[in-house]
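# Breakdown of the fold
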Amino acid sequence: LDNVPKLYEIVEENGRFGYIMEQIKGTNLAKRLFNEVTFTDAMEQFICLHKEWNKEAPAEVISYKDWMKALVGNRESASELLENISCLPEGNTLCHGDFHPYNILVTDENKVVVIDFANVCRAPKEYDIARTYFLMEEAGAKQLAEIYLENMQVSFEKIKEFYEVTAQLRKFELEP
């Protein structure tokens, strides 16, 4: 992908991995989406970028179902969630997993760059769309989420099962 920072090194400390990447200077796309003058162009950039991102994933990218199960762990209270995860379809699309306007920077040269790759996985594209919709809605931007979904040309019905599991999973993501 052309619109990601250059990766210089992968580091590990105390069993956790991190990335040393190119520093990108710019403003987040949210600033443009919440401005009436720049809204239309910013939404077009957002939609085009997400569609560009959702290409075939390399086989070595973790499955979203495996990522979710690892996040939940062996908690007894999550047996229903784990069953719901297991029932989701497989997919082979590269998904960002945290694709929202605050994770997209726009440089002074008007280049858009995607950041924050902690949730990258392989899944059906509807999963990534559902997560983006959910995250926008969770941030209080329901109207923006609706416009996003309409512009992605996907009905809520097509993402509903992914949305519901994302909503259930969210409490595990927010735990320390």
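Predicted model, so just to flag it, every value in this text is computed and none were measured.

## Quick notes on the packing of helix α3 (residues 64-72) against helix α4 (residues 79-87)
Axis angle and axis distance: for two packed helices, these are the angle between their axes and the distance between the axes, and together they describe the pair. Contact geometry of α3 with α4 gives a least axis separation of 10 Å together with a crossing angle of 170°. Between α3 and α4, the angle is such that the two are roughly antiparallel. Contacts between α3 and α4 pair Lys65, Met68, Lys69 and Val72 from the former with Leu81, Leu82, Ile85 and Ser86 from the latter. Class assignment for the residues of the contact of α3 with α4 results in five nonpolar, one polar and two charged.

## With respect to the environment of Phe46
Examined against the element boundaries, Phe46 turns out to sit in helix α2 (residues 39-53). A sequence separation of 13 residues divides Phe46 from Ala59, and the C-alpha atoms of the two residues are 26 Å apart. Setting aside residues no more than four positions away along its own chain, Phe46 makes contact with Leu29, Phe99, His100, Pro101, Ile104, Thr132, Met136 and Tyr148.

## Remarks on the pairing of strand β1 (residues 7-13)
The element β1 is barely covered by neighbouring structure, given that only zero of its seven residues are classed as buried. Of the strand pairs in this sheet, β1 and strand β2 (residues 16-21) are connected by six bridges, and their pairing is antiparallel. Bridging from a neighbouring strand, Glu12 pairs with Phe17 of β2. Here β1 folds back onto β2, and the loop between the two strands holds two residues, one of which, Asn14, carries a positive phi near 55°.

## Quick look at the packing of aromatic side chains
Within the structure shown, the criterion is met by nine aromatic pairs. Relative to Phe117, the ring of Trp53 has its centre 6.0 Å away and its plane inclined at 20°; by these criteria the two rings are stacked. Taken together, the residues Trp53 in helix α2 and Phe117 in the loop between β6 (112-114) and β7 (121-123) connect sequence positions 64 residues apart. Assigned by exposure class, Trp53 and Phe117 land together as buried. On the basis of an interplanar angle of 50° and a centroid distance of 6.2 Å, the ring pair of Tyr64 and Phe162 is categorised as tilted. Remark: Phe162 occurs in helix α7 (residues 156-174) and Tyr64 occurs in helix α3; sequence separation between them is 98 residues. For the residue pair Tyr64 and Phe162, the accessibility class agrees, reading buried in each case. Taken together, the ring pairs connect Tyr133, Phe134, Phe156 and Tyr163 into an aromatic cluster.

How each quantity is defined
Each chain has its residues counted from 1, running along the sequence as written. Selection of residues for local features in this predicted model requires a pLDDT of at least 70, selection of side-chain atom pairs for listing and counting requires 80 or more, and totals for whole chains, interfaces and linings are taken over all residues. Computation of side-chain values covers all heavy atoms of the structure but excludes hydrogens and water. To obtain an axis, a line is fitted to C-alpha atoms, over the contacting stretch when the element is a helix, and the angle between two such axes runs from 0 to 180 degrees between their N-to-C directions. Helix numbers and strand numbers start at the N terminus; a helix is a DSSP run of H or I with at least 4 residues, a strand a run of E with at least 2. Oblique is the label for every angle not falling under 35 degrees (roughly parallel), over 145 degrees (roughly antiparallel), or within 65 to 115 degrees (roughly perpendicular). Only heavy atoms enter the contact rule, under which two residues are in contact if any of them lie within 4.5 Å. Think of it as three bins: nonpolar holds Ala, Val, Leu, Ile, Met, Phe, Trp, Tyr, Cys and Pro, charged holds Asp, Glu, Lys and Arg, and polar takes everything else, Gly as well. The rule is simple: take the accessible area with a 1.4 Å probe, protein chains only, and divide by the maximum for that residue type; under 20% is buried, over 50% is exposed, in between is partly exposed. Only when DSSP finds a minimum of two bridges between them are two strands counted as paired. Each Phe, Tyr or Trp ring, with Trp reduced to its six-membered ring, pairs with another whose centre is within 6.5 Å; inter-plane angles below 30 degrees give stacked pairs, above 60 give edge-to-face pairs, and intermediate values give tilted ones.

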